[in-house]
Amino acid sequence: MEMLLPELTARQAEYVANPAAYKLFGGAMGGGKSYALCLHAILLMLDFPGNQGLICRQDMADLSPTTYKEFVQICQNFLGGIPGPVVKQHHQTENWIEFANGSRVYFRGLKDVGSLGSWNLGFFCIDEAAETTIDQFNMLDSRLRLALPGLRRFGLLASNPDLGWVFNDFIAKPLPEHAFVPALPRDNPHLPADYEAR
């Protein structure tokens, strides 16, 4: 099946193409950060059959109506629906989506990090990463241990980078393999013309 995924903005494309292992797409509200996380995750699932990923936020109640919902809408609108030729199943009780190629992504809140202890991941995505702690990031990083031929493992973040560990590690004094791509409302052509001024 030929897929026509949504077109990325220039900033979103820069974020997805950046080769760093840990990437922050950060900036003000309206820059398309959550959408970029979803698209990046989908591409990793399509490119590496059998990939396993996690999309998370500090609180599941905040993830469900935002990033989780956006991911499902992309699957419905661009991947042929659920179930369909690309997406095999959406388990709404356990909050995971599985592709026909065996790749699966889970949606979780990070308040109960103990439940992730034995997971093997190829990628993780943290939305609103400034809400989380460095210990939670390190815990997720330790789960990037899925072994697949040619797999590149990623830790993907989106956030308004307030002062704290995200700002320090990605902007003030970037650690090795940490990259920051700014996300600004003016870079998002899908917003109303008066959005930034308002």
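This one's a predicted model, so the numbers in the text were calculated from it and none came from an experiment.

Participant: Even after reading the chapter, I still don't get the packing of aromatic side chains, so can you show me in this structure?
Facilitator: Aromatic ring pairs are reported here in terms of the distance separating the ring centres and the angle at which the planes meet. A complete count under the given rule lists 7 aromatic pairs for this structure. On the basis of an interplanar angle of 5 degrees and a centroid distance of 4.0 Å, the ring pair of Tyr68 and Phe107 is categorised as stacked. You can see Tyr68 sitting in helix H3 (residues 60-78) and its partner Phe107 sitting in strand E5 (residues 104-109), a full 39 residues away along the chain. You'll find Tyr68 and Phe107 in the same group, each marked buried. What links up through ring pairs into an aromatic cluster is the set Tyr22, Phe124, Phe137 and Trp165. The positively charged end of Lys23 is found above the aromatic ring belonging to Tyr15, 5.5 Å away from the centroid. It is Arg104 that lies over the ring of Trp96; its NZ or CZ is 3.6 Å from the centre.

Participant: When you look at the sheet that holds strand E7 (residues 154-159) in this model, what are you seeing that I'm missing?
Facilitator: The strands making up a sheet associate through backbone hydrogen bonding, with each pair oriented either parallel or antiparallel. Read across the open sheet, the 8 strands follow the order E3-E4-E5-E2-E6-E7-E1-E8; overall the sheet is mixed. Looking along the sheet, the strands with just one partner apiece sit at the ends: strand E3 (87-91) and strand E8 (178-182). Within the sheet, the average angular offset between the axes of one strand and its neighbour, ignoring direction, is 15 degrees. Pairing of strand E6 (residues 123-127) with E7 involves 5 bridges; the strand directions are parallel. Across the sheet, Asp127 pairs through a bridge with Ala158, a residue of E7. Across the face of the sheet, helix H4 (residues 134-141) comes into contact with strand E1 (22-26), strand E2 (52-57), E6, E7 and E8 while running at roughly 160 degrees to E6.

Conventions adopted
- Residues numbered from 1 in each chain as written.
- Predicted model: local features only at pLDDT ≥ 70, side-chain atom pairs only at ≥ 80, totals over all residues.
- Heavy atoms only, no water.
- Phe/Tyr/Trp six-rings, centres within 6.5 Å; stacked < 30°, edge-to-face > 60°.
- Helix = DSSP H or I, 4+ residues; strand = E, 2+ residues; numbered from the N terminus.
- Buried < 20%, exposed > 50% of the residue type's maximum accessible area, 1.4 Å probe, protein only.
- Lys NZ or Arg CZ within 6 Å of the ring centre and 35° of its normal.
- Pairing = 2+ DSSP bridges.
- Axes fitted to C-alpha atoms, helices over the stretch in contact; angles between N-to-C directions.
- Contact = heavy atoms within 4.5 Å.

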